[in-house]
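# Structural description and commentary
Each chain is listed here by its residues.
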Amino acid sequence: MGKDTKYAAKVPDENGYIHYTEEEDQIWHELITNQKKVLPGRASPIWLEAMERMEFPEDRVPQCTEVSEVLRDHTGWSVAPVPALINFDKFFALLADKQFPAASFIRTREEMEYLQEPDIFHEIFGHTPLLTDQRFADFTHAYGKAGLQASKEDRKYLAALYWFTVEFGLINTEEGLRTYGAGVVSSPGETVYSVESDEPVRKPFDPVECMRTPYRIDIYQRTYFVIDSLDDLFNVAHQDMMGMVEEAKRKGMHAPNFPFDDLPEEKQERFKKMLKEAS
């Protein structure tokens, strides 16, 4: 959102079918089979069970239409193929309509391990399984409706809430700390790092604290928030999300706990301002 991409969207034909090449199908195969080896013992049982419900093919990129059929049966959601990057208006509108936007391209071999922008593997493999769980689906729906009401400034706080839950959330389980966030379960490196490394800070889930926490999209996270159950997200869906935004704005942003001197000058200044305000 708001930046250029080198990838071109795959456009569905008149029957809603997206044509992928043999190489693109092979990349999907390698991504999903490799990630399935990494996730046991690291992804939450809830997410792993949800993935099994999806019955993703391993030999080809799944079609959005067939993924939508599964989601509709469970929670009434569907998948909408979109270009690599869409604006916030479109993003929130789709979620409010119970449609998950899925970038239709798949990454190249040069970016197999890490991709800064979302591709079809991240969107379908990472995001759609938990949309079969009504609690998670309700949270995502409420989030979309809140985003439609929000101002441009307010959406920055909502973006942080999404980042630390839907994308990079962790969960306590009987087996120990596990992940459920799409940005983690679709990344082999961060799957291991998020639950096993001593480097990041892990905090109990608090939606206002999520909103107040700075993050970078191009590095492993330095902070994770940990829920005890998907009920935690379901409860947020039935509370005043915009009231949480106002509370976060009153309290102000926390100081960044990650390096930023390698970023463009404009972003460095933004994080320096956060440091000054938090001191």
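Residues numbered from 1 in each chain as written. Predicted model: local features only at pLDDT ≥ 70, side-chain atom pairs only at ≥ 80, totals over all residues. Heavy atoms only, no water.

For the chain, an unreviewed UniProt entry supplies the name phenylalanine 4-monooxygenase and the organism Natronospira proteinivora. As its UniProt record puts it under Sequence similarities (unreviewed entry), the chain is described as follows: "Belongs to the biopterin-dependent aromatic amino acid hydroxylase family." (UniProt positions renumbered as here; feature names shortened; annotations may be inferred.)

### Description of the pairing of strand S4 (residues 176–179)
Where strand S3 (residues 170–173) lies against S4, 4 bridges are found, and the strand directions are antiparallel. Looking at the pairing, Ile-171 lines up with Arg-178 of S4. The hairpin turn running from S3 into S4, its antiparallel successor, is 2 residues long. (Pairing = 2+ DSSP bridges. Helix = DSSP H or I, 4+ residues; strand = E, 2+ residues; numbered from the N terminus.)

### Here's the deal with the packing of helix H6 (residues 134–149) against helix H7 (residues 152–167)
Here H6 crosses H7 at 165°, and the two axes come no closer than 10 Å. Between H6 and H7, the interaxial angle falls into the category roughly antiparallel. Relative to H7, the crossing made by H6 is left-handed. For the pair formed by H6 and H7, the contact residues are Phe-136, Phe-139, Tyr-143, Ala-146, Gly-147 and Leu-148 on the first element and Arg-155, Leu-158, Ala-159, Leu-161, Tyr-162, Thr-165 and Val-166 on the second. Counted by class, the contact of H6 with H7 contains 10 nonpolar, 2 polar and 1 charged residues. (Axes fitted to C-alpha atoms, helices over the stretch in contact; angles between N-to-C directions. Parallel < 35°, antiparallel > 145°, perpendicular 65-115°, else oblique. Left-handed = near helix turned anticlockwise from the far one by under 90°. Contact = heavy atoms within 4.5 Å. Nonpolar A, V, L, I, M, F, W, Y, C, P; charged D, E, K, R; others polar.)

### Side note on the side chain of Asp-119
Looking at the element boundaries, Asp-119 is found in the loop between strand S2 (99–103) and helix H5 (120–127). For Asp-119, a relative accessible area of 0% corresponds to the buried category. Every residue in contact with Asp-119, bar those within four places of it in the chain, is listed here: Ala-103, Phe-105, Ile-106 and Arg-107. (Buried < 20%, exposed > 50% of the residue type's maximum accessible area, 1.4 Å probe, protein only.)

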